[in-house]
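Spelled out from the first residue to the last, the chains are:
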Amino acid sequence: MWLRLKFVNTDKNINSRVSRMPPLTSDHPVLALAKRPTSAAFHGFVRRLHMASQTDDPILLAGEVGTGKRQSATTVHNVSGRSAHNFVQIDCLGIKESKFELEMLGSLNPHNHQLRQGAVSLAEGGTLYLHEVGELPSTSQTLLLRLLESDTYSPVNSSDTYNSDFRLITSSSQDLMAMVEHGKFRNDLLHHINTLTIRTPSLNERREDIEDLVNSILHEIPGGRHKQLSPEAMEVLCHHKYTANILELRNIIHRLVGTFESQSYSGLQVVQAIHAGTPSSKSERVIEKKSQRSMLPDFNGYIDQAQNNPPTFVQPDQQVAAPQPIFQGANHSAYASTTYHIGPQTAPAQPVSEPAWPSAKVADIRSRQVQAPPQPPSWQDRVAAMETEDESMGPFTALKAQERDYIARLVEYCNGDKKKAADIAGVTLRTLYRKLKH
Ligand SMILES: Nc1ncnc2c1ncn2[C@@H]1O[C@H](COP(=O)(O)OP(=O)(O)OP(=O)(O)O)[C@@H](O)[C@H]1O
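Here, residues in each chain are numbered from 1, in the same order as that chain's written sequence. Totals for whole chains, interfaces and linings use every residue, but because this is a predicted model, local features are given only for residues with pLDDT of at least 70 and side-chain atom pairs only at 80 or more, for both listing and counting.

Looking at an unreviewed UniProt entry, one finds the protein named Sigma-54-dependent Fis family transcriptional regulator and attributed to Limnohabitans planktonicus II-D5.

Okay, here's the thing in structure tokens:
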């Protein structure tokens, strides 16, 4: 077959859409984190990542949600020989086949013959990162397979064929092998992307790193640099069972700083911040969903918007935090590449600012901000609702029930040690038993 190979000049578009990443200094918290002795799990992970960055093979980052897969991908790019070129990422979560094709390959406008670059063209010489590749529809899997097999592509509506040259990094929080067994992922595609498979350890496997992570997260929050956590607060965080890993830890810390004015956070405040992220009543769940949308920085907005919005190139000031390497590579002076995020825009993070009140009260206030009932129920109605735990009362859920739930969770965090739970809650052991009974 006769192939017409063309060079696409991308500079103009690139400069108008994105700017260069800020240089990373040696005191960057994430770099500092990797330089210190850390957990065995993280140490092994960083070593594998470092070795992989010295090659040009495809990498599959496999790990739970929020374990830092995307951050690891940007790190590999930044320390690789491709760092002077672009890092382009596509979020495959909820993406439709036609959109994936357009985003990957770009398209030729039949009217003015202008070429809209796709990710493959933008990643020329650099790195293409596909987040949650297991979410790709089957037709898109076939498209990706063809691209990887031939190293060539044609933009939509174009008969021209171009050479592709990018390093592929993919990530998945699903077991792709199991998906192959169930016929949900192409076996041949898996073998094209998993040359180097690196598992990102969960936070529960690297609890020794939590203190450093907390400090690095505090440093990135405006005004957080001067805040600290008491030993009990740190203990609560180190014993918490994380389901969304660093993402969850970040939310807890952001919630702490956005909720309490303290300079030093207590164990009780941390428990409340955790509790506020695990709503138990229907109204709390609604409130929390809304507040989390404004607090979570990364892909969360994408899920809801993916169906309706056309693909967008996110400008740097709308982007999530600039990629931060986990380890320092040999050629770190070359941190000058450009990052693209292809996918609907996400709203900038809005920390919730509330007074340092007990969690039940915080939830109550937050609900009023969100739902703003024109005629608040009378005091008597609220008391009645508390007694009956009537959900028709909307935001006004039973404080007693919330308190009981909170204490039960606190006891759970303390591995059943009620004395310790009472100390953290600032009540006597007797009061704790009484509140648990009610
Ligand atoms: N070493 C680190 N230090 C501080 N924050 C980190 C670190 N690694 C990751 N994070 C933060 O944790 C959050 C989750 O990271 P990232 O988005 O890379 O994870 P992920 O595995 O791709 O998550 P998901 O699957 O939910 O998209 C991000 O907000 C990121 O900034």
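Glancing now at the overall build of the protein. Labels follow the DSSP assignment, with helices taken as runs of H or I lasting at least four residues and strands as runs of E lasting at least two, numbered in each case from the N terminus. The number of helices and strands found in the protein is 20 helices and 12 strands. When each of the 438 residues of the protein is scored for burial, the buried share is 37%. Contact between two residues is assigned when their C-beta atoms, built from the backbone, lie within 7 Å. Put simply, of all contacts in the protein between residues at least 6 apart along the chain, 79% involve residues at least 24 apart. Remark: C-beta atoms are placed from the backbone, and a residue is labelled buried if 20 or more other C-beta atoms sit within 10 Å of its own, exposed if 12 or fewer do, or partly exposed between those counts.

Bringing helix α3 (residues 40–53) into the picture now. Counted at 1.5 Å a residue, the expected span for α3 with its 14 residues is 20 Å, and the 20 Å between its end C-alpha atoms agrees. Of the positions making up α3, those classed as buried are Phe42, Phe45, Leu49, Ala52 and Ser53. End-on, the buried residues of α3 take up no more than an arc of 95 degrees, which puts them together on one face. Along α3, the residues that are exposed and aim more than 90 degrees away from the buried face are Ala40, Arg47 and Met51. Contacts made by the buried residues of α3 are with β1 (59–62), α4 (69–79) and β9 (196–199). Expected span of a helix: the number of residues minus one, times 1.5 Å. Taken from the helix axis, the directions to the C-beta atoms give the arc we talk about.

Now for the nonpolar core. Judged by nonpolar contacts, the single largest core of 41 residues is most densely connected at Ala119, Val120 and Leu128. Residues within four places of Leu128 in sequence aside, it is in contact with Val88, Ala119, Val120, Ala123, Phe166 and Leu168. Judged by nonpolar contacts, the second largest core, of 35 residues, contains Ala233, Leu247, Ile424 and Ala425. Put simply, a nonpolar core is a cluster of buried Ala, Val, Leu, Ile, Met, Phe, Trp, Tyr and Cys residues tied together by C-beta atoms within 7 Å.

Counting buried positions along strand β8 (residues 167–172) yields six of six residues, so the element is predominantly enclosed. Side-chain alternation along β8 places Arg167, Ile169 and Ser171 on one buried face and Leu168, Thr170 and Ser172 on a second face that is also buried. Strand pairing is defined by DSSP finding a minimum of two bridges between the two strands. For β1 and β8, the ladder comprises four bridges, and the chain directions are parallel. Among the inter-strand pairings, Ile59 is bridged to a residue of β8, identified as Ile169. Where strand β5 (residues 127–131) meets β8, four bridges bridge the pair, whose relative direction is parallel. Paired with Tyr129 across the strands is Ile169, a residue of β8.

Glycine aside, negative phi is the norm for most residues, and most peptide bonds take the trans geometry. Phi at His113 is positive, roughly 60 degrees, even though this residue is not glycine. Relative to the assigned elements, His113 resides in the loop between β3 (107–108) and β4 (115–116). Within the chain, Asn157 stands out as a residue other than glycine whose phi angle is a positive 70 degrees.

Turning to the packing of helix α12 (residues 245–259) against helix α13 (residues 267–276), a few remarks are in order. At their nearest, the axes of α12 and α13 sit 9 Å apart, and the two run at 115 degrees to each other. Classified by the angle their axes make, α12 and α13 are roughly perpendicular. At the point where α12 passes α13, the crossing takes the right-handed sense. On α13, the residues that touch Ile252, Arg255, Leu256 and Thr259 of α12 are Gln269, Val270, Ala273, Ile274 and Ala276. Amino acids outside the nonpolar list (Ala, Val, Leu, Ile, Met, Phe, Trp, Tyr, Cys, Pro) and the charged list (Asp, Glu, Lys, Arg) are all regarded as polar, and Gly is one of them. Considering only residue class, the contact of α12 with α13 consists of six nonpolar, two polar and one charged. Each axis is a line fitted through C-alpha atoms, and for a helix only the stretch in contact is used; angles between axes span 0 to 180 degrees, taken between their N-to-C directions. Any angle that is under 35 degrees is reported as roughly parallel, and any over 145 degrees as roughly antiparallel; angles of 65 to 115 degrees are reported as roughly perpendicular and all others as oblique. Note on convention: the crossing is left-handed when the near helix lies turned anticlockwise from the far helix by less than a right angle, right-handed when the turn is clockwise.

Moving on, we come to the confidence of the model for the protein. As a general rule, the predicted coordinates of low-pLDDT regions are not to be interpreted in detail. Taken residue by residue, the protein gives an average pLDDT of 71. The fraction at 70 or more is 63%. Low confidence marks residues 1–33, where pLDDT is under 50. Its contacts with residues over four positions away, or in another chain, come to 52 contacts. Scored from 0 to 100, pLDDT reflects the predictor's confidence in each residue. Segment residues 343–397 is flagged for pLDDT under 50; beyond a separation of four residues in sequence, or across chains, it makes 90 contacts in the model. Quick note on the complex model: pTM equals 0.64, ipTM equals 0.94.

Residues of β1 alternate between two faces, with Ile59 and Leu61 on one and Leu60 and Ala62 on the opposite face, all of them buried. In the sheet, β1 pairs with β9 via four bridges, with the strands oriented parallel. Residue pairing across strands places Leu60 opposite Thr197, the latter belonging to β9.

Relative orientation of the contacting elements helix α5 (residues 97–105) and helix α7 (residues 138–150) amounts to 25 degrees, with a least axis distance of 8 Å. Judged by the angle between their axes, α5 and α7 are roughly parallel. Seen from above, α5 lies across α7 with right-handed handedness. Of the residues in α7, those in contact with Glu97, Phe100, Glu101 and Met104 of α5 are Thr139, Ser140 and Leu143. The class makeup of the residues in the contact of α5 with α7 is three nonpolar, two polar and two charged.

Glancing now at the environment of Phe42. Relative to the elements of secondary structure, Phe42 occurs in helix α3. Spatially, the C-alpha atom of Phe42 lies 8.6 Å from that of Glu205, the residues being 163 residues apart in sequence. When sequence neighbours within four positions are dropped, the list of residues in contact with Phe42 reads Pro201, Arg206 and Asp209.

The subject of this paragraph is the environment of Leu203. For Leu203, the position within the fold is in the loop between β9 and α10 (210–220). The buried category is assigned to Leu203, around which 27 C-beta atoms lie within 10 Å. The spatial distance from the C-alpha of Leu203 to the C-alpha of Gly66 is 9.0 Å, given a sequence separation of 137 residues. With sequence-adjacent residues up to four places away left out, Leu203 is seen in contact with Tyr242, Asn245, Ile246 and Leu249.

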